[in-house]
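# Fold and contact review
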Amino acid sequence: GLVGFGSIGQLTARRARALGMQVIAYDAMLGGSDPAWAAAGVRAAGLDEVVRTADVVSLHVPLVESTRGLFSAARIASMKQGAVLVNTARGGIVDEVALASALKDGHLGGAAIDVFGAEPLPASPHFADCPNLILTPHVAGVTAEANERVSFLIADKVLEALA
């Protein structure tokens, strides 16, 4: 289940489908009849359905007022028993204390997080002894490949503006 179906969400969907996964997604900005859904082989669904039914929920939304705290204790509690939460979007979307509690009490089967409310991540006792938790720094954008891609995108935009 994907929350956010922009370019990164769509890329994630294509990769998940290539691995044989069925994918549903929610995006507040993308209408259910948008051709992007069919092109990716993804079924559009409401946020509550994605959260309630997906085995894995992966977040791909910006941090704006409407997404701040989107994965609150109540929303995490509404996730499927044993589900996995992945947040590589932005810190502040997930209530970290509630996430840790859901992992410790066995409601969630796992989580992978590389963005945090405070970065770099300070000492966080709530994450101590959390089972099935992967915490990593948000550094995918500092690879040589990412820098090259961004450089080409900027060059293309400059040429477009000068044309």
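Each remark here, short or long, concerns the structure printed above.
Residues numbered from 1 in each chain as written. Predicted model: local features only at pLDDT ≥ 70, side-chain atom pairs only at ≥ 80, totals over all residues. Heavy atoms only, no water.

## Points about the packing of aromatic side chains
In total, this model carries 1 aromatic pair according to the counting rule given. Geometrically, the ring pair formed by Phe-5 and Trp-37 is stacked, given 4.4 Å between the ring centres and 5° between the ring planes. Here Phe-5, found in the loop between strand E1 (2–3) and helix H1 (7–18), pairs with Trp-37, found in helix H2 (residues 35–40); they are 32 residues apart in sequence, far enough to count as distant. (Phe/Tyr/Trp six-rings, centres within 6.5 Å; stacked < 30°, edge-to-face > 60°. Helix = DSSP H or I, 4+ residues; strand = E, 2+ residues; numbered from the N terminus.)

## Thoughts on the pattern of salt bridges
Counting across every chain of the model gives 3 salt bridges. In this structure, Asp-48 engages Arg-75 in a salt bridge whose closest nitrogen and oxygen atoms are separated by 3.6 Å. Within this pair, whereas Asp-48 is found in helix H3 (residues 47–53), its partner Arg-75 is found in helix H4 (residues 73–77), the two being separated by 27 residues in sequence. Put simply, Lys-80 and Asp-55 hold a salt bridge, and the shortest N to O gap is 2.7 Å. Here Asp-55 lies in the loop between H3 and strand E4 (56–59) and Lys-80 lies in the loop between H4 and strand E5 (84–87), a separation of 25 residues in the sequence. (Salt bridge = Lys/Arg side-chain N within 4 Å of Asp/Glu carboxyl O.)

## Topic: the nonpolar core
Across soluble globular proteins, nonpolar side chains show a tendency to be buried alongside one another. Counting residues in hydrophobic clusters, the biggest one holds 31 residues, and the most contacted among them are Val-3, Leu-59, Phe-71 and Leu-99. The set of elements that each furnish at least two residues to this core consists of H3, E4, helix H5 (96–104) and strand E6 (110–113). In terms of residues, this core owes the most to one element, H5, which gives 5 residues. Not counting the four nearest positions on each side in its chain, Leu-99 is found in contact with Ile-76, Leu-85, Val-94, Leu-108, Ala-111, Ile-113 and Phe-127. Leu-2, Ala-16, Val-23 and Ala-40 belong to the second largest nonpolar core, which has 11 residues in total. (Core = buried A, V, L, I, M, F, W, Y, C linked by side-chain atoms within 4.5 Å. Buried < 20%, exposed > 50% of the residue type's maximum accessible area, 1.4 Å probe, protein only. Contact = heavy atoms within 4.5 Å.)

## Examining the sheet that holds strand E7 (residues 133–135)
Here 7 strands make up an open sheet; going across it, the order is E3-E2-E1-E4-E5-E6-E7 and the pairing parallel. This sheet does not close on itself; its edge strands, each paired only once, are strand E3 (43–44) and E7. Pairing between E1 and strand E2 (residues 24–26): 2 bridges, direction parallel. Looking at E2, one finds that Leu-2 is bridged to Ala-25. (Pairing = 2+ DSSP bridges.)

## A word on the environment of Asp-156
Among the structural elements, Asp-156 can be located in helix H6 (residues 144–162). Of the residues examined, Asp-156 reaches a relative accessible area of 46% and is grouped as partly exposed. In this structure the C-alpha to C-alpha distance between Asp-156 and Asp-95, which are 61 residues apart in sequence, comes to 39 Å.

Take it as geometry only, folks, not as evidence of what the structure does.
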